[in-house]
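The lines below spell out each chain.
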Amino acid sequence: MLDADLDSLSEPEQLPSWLSEQDLDYLTQEFERTGFRGGLARYRNLDRDWQLTSFLSGARLQQPALFIGGEFDIAVMMNRDIINQLEATMPNLRKQVLLPNTGHWIQQERPTEVNQLLIEFLKSLR
Amino acid sequence: MLNTLQHRITQHQLLTDIRIKLLHLHKQLLDTERIRYEQVRGQVSNGELLQLAIDDDRFAWLHHLSESIVQIDELIHSDEPITSEAIAALIADVRILLTPDEAGNDFAVKYDAAFQRSPDVVLAHADIEFIANSYAINGLSK
């Protein structure tokens, strides 16, 4: 599955403006130090997570919430049905925003917009 | 087929496991109630918290959980043999009690609110669910 996922990704000719060579080097060094085991274990345990918390099926999140996603985030695209139900599953969802032309790393790609949305949300909780 | 001694040891182990998990859940719930109380009334010492847990109305709903723990203690220390029916009934009672419901009885509503406030409560609940589910599927054999 991982191979298929990797094959479906394109390799950019140059880094995007929000990711410097220095940032990439740091991330590479960290993965060289730790290996991929920790990150992959997260995905290996998806089914187990579900089994251990099956009692949460149908539960609604009542806390005030803000949803921010990227238009081109594969996680957003894969979970469109779930996102469409957020107003029902999170009754206190204050706002949902899909940032245009943005992928998974919204904080890096759109820091100004994300910070603005977070500050606005946090102020609304006072 | 387990012999009588093994059977008793396994019963005690199961009850002890549930008891420990319930105590952990009780602590997590007490912590969430403490935070809520301190947000309004200011910081309290551990001694003051103990007093609040005993006789303050805001903490009274937790007594139901304490009673379940006491019930397990009594079973563990009983001189009489523990029946499978008694264990099954106890686990069923615990599961009924620990059912969060925003439109349920007083305990269920407050338990649901604690679920919403604290992921630690959810994880403590998951531990109990795990034991109860294992017992429902496997009985006393692990």
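Before reading further, recall that the structure is shown in the block above.
**Overview of the overall build of chain B**
A tally of helices and strands in chain B yields six helices and zero strands. Along chain B, helices (α) and strands (β) appear in the sequence α-α-α-α-α-α when read from the amino end. For chain B, the C-alpha atoms occupy an extent of roughly 55 × 30 × 20 Å along the three principal directions. Taking all 142 residues of chain B together, the buried fraction comes to 39%. Restricting to contacts in chain B with at least 6 residues of sequence separation, those with at least 24 account for 68%. Across chain B, the centroid of the 12 positively charged side chains sits 5 Å from that of the 22 negatively charged ones.

**A short note on the overall build of chain A**
Helices and strands together make up the secondary structure of chain A, namely nine helices and two strands. The helix and strand sequence of chain A, counted from the amino end, reads α-α-α-α-β-α-α-α-β-α-α. Whereas a compact globule of 126 residues would reach a radius of gyration of roughly 14 Å, chain A reaches 18 Å, over 25% beyond that. Overall size of chain A, expressed as C-alpha extent along the three principal axes, is 40 × 40 × 25 Å. A buried classification covers 17% of the 126 residues belonging to chain A. Restricting the contact set of chain A to residue pairs at least 6 apart, pairs at least 24 apart contribute 66%. For chain A, the exposed area adds up to about 10100 Å²; of that, 53% sits on carbon and sulfur atoms. For chain A, the distance from the average position of its 12 positive side-chain charges to the average position of its 19 negative side-chain charges is 14 Å.

**Notes on the interface of chain B and chain A**
Each side of the interface is counted separately: chain B has nine residues, and chain A has seven residues. For the pair chain B and chain A, the summed buried surface comes to about 770 Å²; carbon and sulfur atoms form 57% of the total. Here chain B and chain A share one salt bridge between them. One salt bridge connects Arg60 of chain A with Glu102 of chain B, and the closest N-O pair in it is separated by 2.7 Å. Viewed at the interface, chain A and chain B are joined by five residue pairs in polar contact (both at pLDDT 80 or more). Within the residue set of the side of chain B that touches chain A, elements represented by two or more residues are helix 5 (106–117) and helix 6 (119–138) of chain B. The residue inventory of the side of chain B that touches chain A, partitioned by class, reads four nonpolar, two polar and three charged.

**Section: the nonpolar core**
All names here are of chain B. Ranked by size, the top nonpolar core spans 39 residues in total, and within it Leu14, Leu22, Leu25, Leu29, Leu98 and Tyr111 carry the most contacts. Going through the elements one at a time, helix 1 (4–41), helix 2 (46–55), helix 3 (63–76), helix 4 (84–97), helix 5 and helix 6 are the ones with two or more residues in this core. For this core, the element with the most residues is helix 1, which contributes eight residues. With residues near it in sequence (within four places) discarded, Leu98 still touches Leu22, Leu25, Leu65, Phe107, Tyr111, His125 and Ile128.

Thresholds, definitions, all that
- Residues numbered from 1 in each chain as written.
- Chains lettered and ligands numbered in written order.
- Predicted model: local features only at pLDDT ≥ 70, side-chain atom pairs only at ≥ 80, totals over all residues.
- Heavy atoms only, no water.
- Helix = DSSP H or I, 4+ residues; strand = E, 2+ residues; numbered from the N terminus.
- Buried < 20%, exposed > 50% of the residue type's maximum accessible area, 1.4 Å probe, protein only.
- Contact = heavy atoms within 4.5 Å.
- Lys, Arg positive; Asp, Glu negative; His and termini not counted.
- Charge placed at Lys NZ, Arg CZ, Asp CG, Glu CD.
- Rg over C-alpha atoms; globule rule 2.2 N^0.38 Å.
- Areas by Shrake-Rupley, 256 points an atom, 1.4 Å probe, with all protein chains shown as cover.
- Buried area = accessible area lost by both parts, 1.4 Å probe.
- Salt bridge = Lys/Arg side-chain N within 4 Å of Asp/Glu carboxyl O.
- Polar contact = N/O pair within 3.5 Å; in protein donor to acceptor, adjacent residues only side chain to side chain.
- Nonpolar A, V, L, I, M, F, W, Y, C, P; charged D, E, K, R; others polar.
- Core = buried A, V, L, I, M, F, W, Y, C linked by side-chain atoms within 4.5 Å.

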